[in-house]
Amino acid sequence: MNGLIFDIQRFSIHDGPGIRTTVFMKGCPLRCAWCHNPESISDEPQIAVYRHKCIGCGECRSVCSTGALADGPEFIDRSKCRTCGKCAEICPNEAIKLIGLSMTAAEVVDTVMRDAIYYETSGGGVTLSGGEPLRQYEFSLALLGELKKHGLYTAVETCGACSWEKLEAIANLTDLFLYDLKMIDPAGHLRFCGADNSLILDNARRLAAHGSDIIFRVPVIPGCNDSPNDIIAIADFIISLPNTPLIELMPYHRIGRGKYEALGMRFDLTETCEPENVDSIKERLREMGMEVI
Ligand code: SF4
Ligand code: SF4
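Residues numbered from 1 in each chain as written. Chains lettered and ligands numbered in written order. Predicted model: local features only at pLDDT ≥ 70, side-chain atom pairs only at ≥ 80, totals over all residues. Heavy atoms only, no water.

A.B. asks: How should I be thinking about the domain arrangement of the chain in this particular structure?
C.D. replies: Size of an interface: often given as the accessible area lost when the parts come together. Segmentation of the chain into domains returns domain 1 (2-42 + 103-287) and domain 2 (46-99). Each of domain 1 and domain 2 was reduced to a C-alpha centroid, and the two centroids are 31 Å apart. On the side of domain 2, eight residues touch domain 1, which itself brings 10 residues to the contact. Across the domain 1 to domain 2 interface the summed buried area is about 670 Å²; carbon plus sulfur atoms make up 56%. On the domain 1 side of the contact with domain 2, K26, A262 and L263 bury the most area, a combined 60% of that side's loss. At the boundary of domain 1 with domain 2, the tally comes to one salt bridge. With a closest N to O distance of 3.8 Å, R51 and E261 form a salt bridge. (Domains from an automatic or database assignment. Contact = heavy atoms within 4.5 Å. Buried area = accessible area lost by both parts, 1.4 Å probe. Salt bridge = Lys/Arg side-chain N within 4 Å of Asp/Glu carboxyl O.)

As structure tokens, this is what we get:
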């Protein structure tokens, strides 16, 4: 069985304890307005064009048989593109990339095990992220099973929008969940993330009751979920869970904006969260008795 992977990031220190490798998987059920990994949203491979890197050699056009590049890479006709990847292969300056590589679980394991010594010495391991790893449930289950056979500490970053049965099966092979929690208000969640959040909140409750280790990751998005009411609602929800899981605030940044253009996607959010705003929210959460990282 193959999974569709868009990046394998070595030496990650932000996706769980120690030194880790993070495996980024394609496909997500949500459509968060602030998503900084737009290449993760689609379940299919995609072509990204980085115009600033193009040197105008024309090689890509010469190998494209569908006419998608007839007017040059900056004017790619995505309706004609079959994502064969030939243009990306031949481009001498990495101005075109194929996003999404089909890999078996064994191939991913071979790749991540190259850094086994670092996991061992740092208390690290492997994190599945995305996108939403449970969007490729069968593959994630197989991959986690293989990682466990190698004795690795596993983490899964999830938005929780999946069936409980699948999440429970994944939980039995996962040491730590990084659980993305955007907001509690259902109308706001529907508006900014494109889906109702009742399943996400239910799964969070069940996962906590199941005894899983959880860090709730909250992106702080100005004008979307950073009002006092939003923050207090998130804190109240987490405090109500067994063993009061940790909370990690994720400041909003603009890093992903160039990716939208490369993928031919629109990006509508314009604001950024100032660090002092995140610091003041952290302070408020600590006053409520939460452990914030
Ligand atoms: S991926 Fe294939 S079909 Fe699409 S633009 Fe490149 S060469 Fe053409
Ligand atoms: S092959 Fe790369 S550098 Fe050459 S024209 Fe195409 S995108 Fe530009």
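There is more to say, and it comes next.
A.B. asks: Any chance you could explain the nonpolar core here in plain terms?
C.D. replies: It is characteristic of soluble globular proteins that their nonpolar side chains tend to be buried jointly. Core analysis: the largest hydrophobic core is formed by 68 residues, its most contacted members being W34, L181, I247, L249 and L285. In contact with W34, not counting residues within four places along its chain, are K182, M183, F192, C193, P219, I221, C224, Y252, Y260, F267 and L269. By size, the runner-up hydrophobic cluster in this structure holds nine residues, among which are I47, V49, C60 and I76. (Core = buried A, V, L, I, M, F, W, Y, C linked by side-chain atoms within 4.5 Å. Buried < 20%, exposed > 50% of the residue type's maximum accessible area, 1.4 Å probe, protein only.)

A.B. asks: Whenever I open this one, the pattern of salt bridges confuses me. Can you help?
C.D. replies: A side chain with one charge may pair with a side chain of the opposite charge, provided their charged atoms come close. Enumeration according to the criterion identifies 10 salt bridges in this entry. The partner of D175 in a salt bridge is K148, and the shortest N-O contact between them spans 2.6 Å. Residue D175 is found in the loop between α6 (164-171) and β8 (176-180), and its partner K148 is found in helix α5 (residues 137-149); the two are separated by 27 residues along the sequence. D175 gets classed as partly exposed once you look at its relative accessible area, which sits at 27%. Residues E157 and R217 are paired through a salt bridge, measuring 3.2 Å at the closest nitrogen-oxygen approach. Taken together, the residues span a long stretch of sequence, with E157 in strand β7 (residues 153-158) and R217 in strand β9 (residues 214-220) at a distance of 60 residues. Each member of the pair E157 and R217 is classed as buried. Salt bridges here are not isolated pairs; linked through shared partners, they connect D15, E157, R217 and E248. (Helix = DSSP H or I, 4+ residues; strand = E, 2+ residues; numbered from the N terminus.)

A.B. asks: I tried to follow the environment of R217 on my own but got confused; where do I start?
C.D. replies: Overall, R217 belongs to the buried group, its relative accessible area being 4%. Apart from residues lying up to four places away in sequence, R217 is in contact with H14, D15, E157, L178, Y179, D180, L181, E248 and M250. Here E157 takes part through its side chain, which lies 3.2 Å from a polar atom of the side chain of R217. (Polar contact = N/O pair within 3.5 Å; in protein donor to acceptor, adjacent residues only side chain to side chain.)

A.B. asks: Would you take a moment to explain the sheet that holds β7 for this structure?
C.D. replies: Taken in spatial order, the eight strands make up an open sheet running β5-β1-β2-β6-β7-β8-β9-β10, and their pairing is mixed. Looking at the sheet topology across the chains shown, the edges are occupied by β5 (101-104) and β10 (246-251). Ignoring strand direction, the axes of neighbouring strands in this sheet form an average angle of 30°. In the sheet, strand β2 (residues 20-25) pairs with strand β6 (residues 125-129) via five bridges, with the strands oriented parallel. Paired with T22 across the two strands is T127, which belongs to β6. Docked against the sheet, α5 engages β1 (2-12), β2, β5, β6 and β7, running at close to 160° with respect to β7. Relative to β8, helix α8 (residues 198-210) is tilted by about 155°, and along the sheet it contacts β8 and β9. (Pairing = 2+ DSSP bridges. Axes fitted to C-alpha atoms, helices over the stretch in contact; angles between N-to-C directions.)

A.B. asks: Even after reading the chapter, I still don't get the packing of aromatic side chains, so can you show me in this structure?
C.D. replies: The description of an aromatic ring pair rests on the distance of the ring centres and on the angle between the ring planes. Scanning the model with the defined rule gives six aromatic pairs in all. Aromatic pair W34 and F192: ring centres 6.4 Å apart, planes at 40°, arrangement tilted. Taken together, the positions of W34 in the loop between β2 and β3 (46-49) and F192 in helix α7 (residues 186-193) put the pair 158 residues apart, joining distant regions of the chain. Here F216 and F237 contribute two aromatic rings whose centre-to-centre distance is 6.5 Å and whose plane-to-plane angle is 80°, an arrangement assigned as edge-to-face. Pair noted here: F216 is in strand β9 and F237 is in helix α9 (residues 228-239), with a separation of 21 residues, a long-range link. Note on F216: relative accessible area 0%, which makes it buried. (Phe/Tyr/Trp six-rings, centres within 6.5 Å; stacked < 30°, edge-to-face > 60°.)

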